[in-house]
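# Commentary on secondary and tertiary structure
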Amino acid sequence: MKEQKNIKLAYIPTIEEMQCWYEDELRREASKLSEYKNIKNINEQGAFFNTFRKFEERDDKIPHDFKKDNIYFEKYKSYVEEETINMGKKIQEIENFIEYERFFLRWERRVNREGNDYSHYGSNSATRYRIDCIEKFERELQLILESSPEAWEFYYKRQLITDIGTQHQQNLVTVPYVVKAKQKVIDSLNLGVPVYIVGHLGSGKTQLATEAAIDFTIQNKIQSELEDKMEDWFSVNKNATEKNAIQKFREFNEERKLHYKKILANGCKEEIESLQPLFISGSHNLTYEDMFVEKTLSLTNSFSQGSYTDYLNMIIGDFYQWMDEHKERLEQMTDEEQLQLKIQIWKSFSDLLVASNSSFGTTIKKIEREILIAVKEGRPVIIDELNTIAMQNLIALNDILQRHAGSTAYITGVGPVLIKPGFGFIGTGNLSTEKVNYEGTNELNPAFKSRFVTIEYNYVPQKVTGSLEDQEFPEKNELFRIIIAQLADKNGNIHIPDSKRTLEELFRFSQLCRVTQNVFMGKWKDNDIQKDSGLDEPELKESVLSIRNILHILDNWNHGEEKDLSKALWDGFISSITYPDDQNYILSQAVRFGFFPAAEGWKVKGIGEATTTYDEIRTRPYHYVRQSVDTLSYLDVVHIVFGKGTNRRILPKKLKDSFETYIDDSLRIDGKKYQKFDQQLSHLEHSKDLLEYLEENEGEK
């Protein structure tokens, strides 16, 4: 056995081989981990569940792994793991520098803004210095990602885990399109400029507005709290350097971000509401009063306003006060006369109190509504479907929309109101086109609309040509990235049948979705895929594969457990379309992208006919045979979504030096010969002929 160990030390694998082994090891670990996921929830189940729980029969035979005990691979794996940790720390350090500079930049701009009566940010040498520092650190971060495979892996694995987390929280996945739109909203709110988000149905306009408003509020709270904390810390650490300050900033910043993250996840009702924007659902019936002050009828002078003890104490107080004022006259009366008079006076006070507090009259009471509350408390407010509100009512917003925090706006029926910092106004609206018209919407007055920064927010980008393997820039397929995030577990691993075929099918599904979105928006001419569609001008009037419909289909498919994607596409979306032309067009495009194949019993009819039923597109009963489930590690998923990243072409010096310790020229053998020899040894490992075999091959050692 000693000779066998020496032989295993002899083979020095290439960088490519060791990287392949490393990725294969991650898949093995992911496969094992899948059996233990949700173990806590499983253990909390009762005896019946755990006693009769059964599992799918799987062929878990692991082929002979000739890399086992290879000292060079073990060193390579240890190096990659250690370097990933080190690069992660380096990335986080640079990101902290960037956040520190942005923190100071916001502080500088606030001081400038307050010095100019909140009119604008203002630019000076201090703000320009911070801008330059941010750009320098961003370049440094990009350089690390381009030069270190471990830095690239850490950065994009973290992004993948973030995608999965936001998806599970039913928030928008932070693909570049979403991030840029959200940041544009926040930047406008910071400038005190109202925002109007327009787009088509199912694009996520309202969700974007809500998340941007929450981020805006939390960022402002954290900024204010950090300014106070840093000043308090420095007041007792006068000799601290800026390096100390940056480290302390990191501690405070991480603590504050975690604090608000916990509130959003598990906070009490009051804590969560303090971070949420105020919200108004727009409609044609919404009046001026509904936005600012609502007038209601209220009962007055009723006993419901206080306890009976309070009223009794009131009578007693008034009674004794009356006796004190008439003390001399009472003393001139006999005891009997005094008693009778006191009884009459007490009864009179009681009758008067009952009469004054039992008159169930009504008065007009004013109740402050969302916009007025937002202005006074310094909170964002969202008016959803802004363009459904009558224009004469929207004009009442004019003065508020052109004022900034710190200034006073005049509100009809209320008077002048100070706009508190933190106030922000966001409106959303559906975008009508020549092909799609949303009933009940109005075109906003140009003068009114000019007060807003208008952001058109629609569906996320996705290439509609080429296969998954053909994508030169896979990171630009943001819709496919959202789909993958929906399928991955919390560790970033994916378990799907026949992974290569299924991933290609999911990619074609994302392309199909984008085609329907483009046609719905009237942008079909931009797509090469439409050239052979058979229609001069395709259109969709009511139906589109929006994000919410896509997620519904994926849930219906459920990782291919009991149906394929074609059946899930039918069950989860197409079967529910009631407009025949929409249904038939989407069906025809699905066929173009390889769904509903005739060989599997599907028969899709032409465009322009009546609504299709399931029985009309099946030539035989549906039968699904699930292929064996493959496991993709988080690194596989990262490569699928973000590309191959930074490749290692040469061994790092640290790793190369450690290899030299074990290199013995007398033990080097050809790689192919080694693999063959190693397989022979594995078969003989437990054989009684092992010693004889080793003796016969002593010369080849």
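Below: a short report on this structure. (Residues numbered from 1 in each chain as written. Predicted model: local features only at pLDDT ≥ 70, side-chain atom pairs only at ≥ 80, totals over all residues. Heavy atoms only, no water.)

A tally of regular secondary structure across the protein chain gives 28 helices and 11 strands. Counting only residues that meet the buried cut, the protein chain has 43% of its 701 residues in that class. The contacts in the protein chain between residues at least 6 apart in sequence include a share of 77% that link residues at least 24 apart. By element, 50% of the accessible surface of the protein chain is carried by carbon and sulfur atoms, the whole surface being about 39,100 Å². (Helix = DSSP H or I, 4+ residues; strand = E, 2+ residues; numbered from the N terminus. Buried < 20%, exposed > 50% of the residue type's maximum accessible area, 1.4 Å probe, protein only. Contact = heavy atoms within 4.5 Å. Areas by Shrake-Rupley, 256 points an atom, 1.4 Å probe, with all protein chains shown as cover.)

A few words now on the side chain of Gln338. With respect to the helices and strands, the residue Gln338 is situated in helix H15 (residues 335–356). In this structure Gln338 comes out as buried when scored by relative accessible area, which is 17%.

Another aspect to go through is the nonpolar core. Generally speaking, soluble globular proteins have nonpolar side chains that are buried together. Counting 88 residues, the largest nonpolar core has Phe509, Leu569, Phe595 and Phe596 as the members making the most contacts within it. Element by element, the count of residues in this core is highest for helix H21 (residues 499–521), at 10 residues. Residue contacts for Phe595: discarding those within four places in its chain leaves Glu505, Arg508, Phe509, Leu512, Leu565, Ser566, Leu569 and Ala590. Listed in part, the 30 residues of the second largest apolar core include Leu394, Leu401, Ile419 and Phe452. (Core = buried A, V, L, I, M, F, W, Y, C linked by side-chain atoms within 4.5 Å.)

Before going further, it helps to examine a nonpolar patch on the surface. A surface patch of nonpolar side chains, about 370 Å² in accessible area, is lined by Leu312, Ile316, Tyr320 and Trp346. For the nonpolar patch, the element with the highest residue contribution is helix H13 (residues 308–325), accounting for 3 residues. Note that Ile316 resides in helix H13. Judged by relative accessible area, which is 32%, Ile316 ranks as partly exposed. (Patch = residues over 30% accessible without salt bridge, like charges linked within 9 Å, V, L, I, M, F, W, Y side chains within 5 Å. Salt bridge = Lys/Arg side-chain N within 4 Å of Asp/Glu carboxyl O.)

Between helix H5 (residues 71–115) and helix H9 (residues 205–235), whose axes approach to 11 Å, the crossing angle comes to 100°. For the element pair H5 / H9, the angle class is roughly perpendicular. Here H5 contributes Phe103, Arg106, Trp107 and Arg110 to the contact with H9, which in turn contributes Gln223, Leu226, Glu227, Met230 and Glu231. The residue makeup of the contact of H5 with H9, split by class, is 4 nonpolar, 1 polar and 4 charged. (Axes fitted to C-alpha atoms, helices over the stretch in contact; angles between N-to-C directions. Parallel < 35°, antiparallel > 145°, perpendicular 65-115°, else oblique. Nonpolar A, V, L, I, M, F, W, Y, C, P; charged D, E, K, R; others polar.)

Looking now at the environment of Asn393. When you line up the elements, Asn393 lands in helix H17 (residues 391–394). When sequence neighbours within four positions are dropped, the list of residues in contact with Asn393 reads Leu286, Thr287, Tyr288 and Met291. Reaching out from Asn393, the side chain makes a polar contact with the backbone oxygen of Leu286 at a distance of 3.0 Å. (Polar contact = N/O pair within 3.5 Å; in protein donor to acceptor, adjacent residues only side chain to side chain.)

This next bit is on the environment of Ala245. Its place among the elements puts Ala245 in helix H10 (residues 242–266). Separated by 12 residues in sequence, Ala245 and Trp233 place their C-alpha atoms 8.8 Å apart.

Attention now goes to the pattern of salt bridges. One pass over the structure, following the stated rule, counts 31 salt bridges. We note a salt bridge from Arg626 to Glu56, for which the minimum N-O separation is 3.8 Å. Of this pair, Arg626 sits in the loop between helix H24 (580–592) and strand E11 (629–632) while Glu56 sits in the loop between helix H4 (47–51) and H5, placing them 570 residues apart in sequence. Residue Arg626 is classed as partly exposed on the basis of its relative accessible area of 37%. The class for Glu56 is partly exposed, based on a relative accessible area of 47%. Residue Lys541 is joined to Glu539 by a salt bridge in which the shortest nitrogen-to-oxygen separation is 3.7 Å. When its relative accessible area of 36% is taken as the criterion, Lys541 is described as partly exposed. We classify Glu539 as partly exposed; its relative accessible area is 32%.

By themselves, these are just geometric observations and shouldn't be taken as functional.
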